[in-house]
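The residues making up each chain are set out below.
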Amino acid sequence: MKFSLRSSFSRYVIVLFVAVFALTVAGRIVTLTNAWAYCDGWPVCVPTAPIGWMKLAHMSLVGVASVVMLAVFRKAWREQREQRIVLPLTTILAVMFFGQALVGAIQVTQSHVEHLIILHRFTTIALWVSLALLVYASGTLVADELKFVATNRRQRAKDFFALSKPLIVGLLLITTYGGLVIGAQAWPSFSLTMWTLLGGALAAGGSSALNQFIDRELDKNMVRTAKRPLADGRLTSAEGLAFGLGLSLLSYYLLACFVNGLAALLSLAGIIYYVILYSLWLKKATVQNIVIGGGAGAIPPMVGYAAATGNLDWTAWILFAIIFMWTPPHFWALAIVRMKDYENAGVPMLPVVRGELETRKQILIYTIELVIVTLLLPILNLAGTFYLISALVLGGALLYAAWAVWKHGGNKLAWRMYKWSSSYLVFIFLAIMIDAVL
């Protein structure tokens, strides 16, 4: 394809390239000359020597480049909604640019943290690769001037919210907070709670959006998912991909900067697990898709625990195991109710491949294993009496629901099991939290 600067968007990108290049050169000079030591303050510093003006110039260039970056970002989301390469690239670039600025600001105002130094270096490389690709893509794929088409902002806001699967995000945040509380053995501070849950919400929302981008054609064949924003065409695939990538990347920067490196890496592992291992591969490849894929949803409490402690021990891994064992009976109950949907979509869920009777049997088996796993915390003296009683009562109720599904079958009991298992997860983690602070 022939490179061209006919569109205003491509010209904007060139201006951004020049601004970031100047910013990078100035930053390198500041590092080599130690100019940062002669201009104290942030975001504006007062030079105490002539070389200090270089740092002030660098900080001024950050402001200029930020304005240009915002202009490019805004223009992309207004005019490039159909561009599946340009829009995600611009979004990734914007998140990395401001993430880099955030990391730099924290390094200036606080003591240097090793994982942030590494993140700063990797971001610099990734940012320049993304910027070079955007320059090329904007000059070859955006050859003509595009006009902004007004849309219903309220409906688009609802669609992007739906793209994040808010109910699932809420459930994952409860387990994240449970890990945070049991890790701290107390109610954690507001700041730690806010940043951990915000990072977790963005990670879960981004993963869900990427899942819907991957499944957009499959979702059209299922009654339960046919009205999702991407499947229904209310949002473009480029918007779904850009939104998912942007939220996922932003979550990493926030957790790395305001929580700790381990929590950020665990969250990133959860995103990769869910999007690549489950959504791209396991979901349509094996009847064990939910069993293996359940590990993705089991990572959030480990993120919370790591946020509170900075490490992982047996408690964190048992929290992981609880959700890992909870996932199959929960989703298999739904799969029984929606078996025709999964069959039409070609998804090899257990009731589709091995029948309802075998699925009901496996629901009971996994529920028994789940209850046993929940009892490991008090057995290993990692939880107290309140949790033990709660786990026995809640486990007994869930076992009864699973037994009813196995014994009698039918969509009504399967749907009841699905709804009760959701409540069970909330209550068991609530019991974990209360027990931790008693």
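Above this text is the structure in question.
Thresholds, definitions, all that
Residues numbered from 1 in each chain as written. Predicted model: local features only at pLDDT ≥ 70, side-chain atom pairs only at ≥ 80, totals over all residues. Heavy atoms only, no water. Helix = DSSP H or I, 4+ residues; strand = E, 2+ residues; numbered from the N terminus. Contact = heavy atoms within 4.5 Å. Lys, Arg positive; Asp, Glu negative; His and termini not counted. Charge placed at Lys NZ, Arg CZ, Asp CG, Glu CD. Patch = residues over 30% accessible without salt bridge, like charges linked within 9 Å, V, L, I, M, F, W, Y side chains within 5 Å. Areas by Shrake-Rupley, 256 points an atom, 1.4 Å probe, with all protein chains shown as cover. Salt bridge = Lys/Arg side-chain N within 4 Å of Asp/Glu carboxyl O. Core = buried A, V, L, I, M, F, W, Y, C linked by side-chain atoms within 4.5 Å. Buried < 20%, exposed > 50% of the residue type's maximum accessible area, 1.4 Å probe, protein only. Phe/Tyr/Trp six-rings, centres within 6.5 Å; stacked < 30°, edge-to-face > 60°. Lys NZ or Arg CZ within 6 Å of the ring centre and 35° of its normal. Polar contact = N/O pair within 3.5 Å; in protein donor to acceptor, adjacent residues only side chain to side chain.

Colleague: Please explain the overall build of the chain as it appears in this structure.
Modeller: Across its full length, the chain holds 19 helices and two strands. Taken along the three principal axes of its C-alpha coordinates, the chain extends 80 × 50 × 35 Å. Here the analysis covers contacts within the chain between residues at least 6 apart in sequence; of these, 74% occur between residues at least 24 apart. If the 34 positive side-chain charges of the chain are averaged to one point and the 19 negative ones to another, these points end up 5 Å apart.

Colleague: Is there a simple way to explain a nonpolar patch on the surface in this structure?
Modeller: There is a patch of nonpolar side chains on the surface, built from Leu265, Leu268, Ile272, Ile276, Leu280 and Trp281 and spanning about 610 Å² of accessible area. Its place among the elements puts Ile272 in helix H10 (residues 261-281).

Colleague: Where do I start with the nonpolar core in this structure?
Modeller: Most often, soluble globular proteins have nonpolar side chains that are buried together. Counting 125 residues, the largest nonpolar core has Ile322 and Tyr387 as the members making the most contacts within it. A total of 13 residues in this core trace back to one element, the largest contributor, which is helix H13 (residues 314-337). Every residue in contact with Tyr387, bar those within four places of it in the chain, is listed here: Ile322, Thr374, Leu377, Pro378, Ile428, Ala431, Ile432 and Asp435.

Colleague: I'm lost on the packing of aromatic side chains in this one. Help?
Modeller: Geometrically, a pair of aromatic rings is defined through the distance of the ring centres and the angle of the planes. Here the structure, examined in full by the defined rule, presents 16 aromatic pairs. Relative to Phe258, the ring of Trp195 lies with its centre 3.9 Å away and its plane at 10 degrees, an arrangement referred to as stacked. Placement of the pair is Trp195 in helix H7 (residues 190-214) and Phe258 in helix H9 (residues 237-258), with a sequence separation of 63 residues. Residue Phe258 is classed as partly exposed on the basis of its relative accessible area, which comes to 31%. Ring pairs connect the aromatic residues Phe73, Trp77, Phe160 and Phe243, which therefore count as one cluster. Sitting over the ring of Tyr12, Lys75 keeps its end group 5.1 Å from the ring centre. Positioned over the ring face of Phe213 is Arg216, at 4.3 Å from the centre of the ring.

Colleague: So what exactly am I meant to see when it comes to the pattern of salt bridges here?
Modeller: Pairs can form between side chains of opposite charge once their charged atoms are near each other. Taken as a whole and judged by the stated rule, the model has 10 salt bridges. Across the salt bridge formed by Arg228 and Asp219, the nearest N and O atoms sit 3.2 Å from each other. Overall, the relative accessible area of 2% leaves Asp219 in the buried class. When the shortest N-O distance is used, the salt bridge between Glu356 and Arg360 registers 3.7 Å. Of this pair, Glu356 and Arg360 are both found in helix H16 (residues 356-374), four residues apart, which corresponds to roughly one turn of the helix. A cluster of three or more residues bridged by salt bridges with shared partners is formed by Asp159, Lys227, Asp232 and Arg234.

Colleague: Mind showing me how you'd approach the side chain of Lys75 here?
Modeller: Residue placement: Lys75 occurs in helix H2 (residues 52-79). Overall, Lys75 belongs to the buried group, its relative accessible area being 13%. Of the polar contacts made by the side chain of Lys75, one reaches the side chain of Ser8; its length is 3.0 Å.

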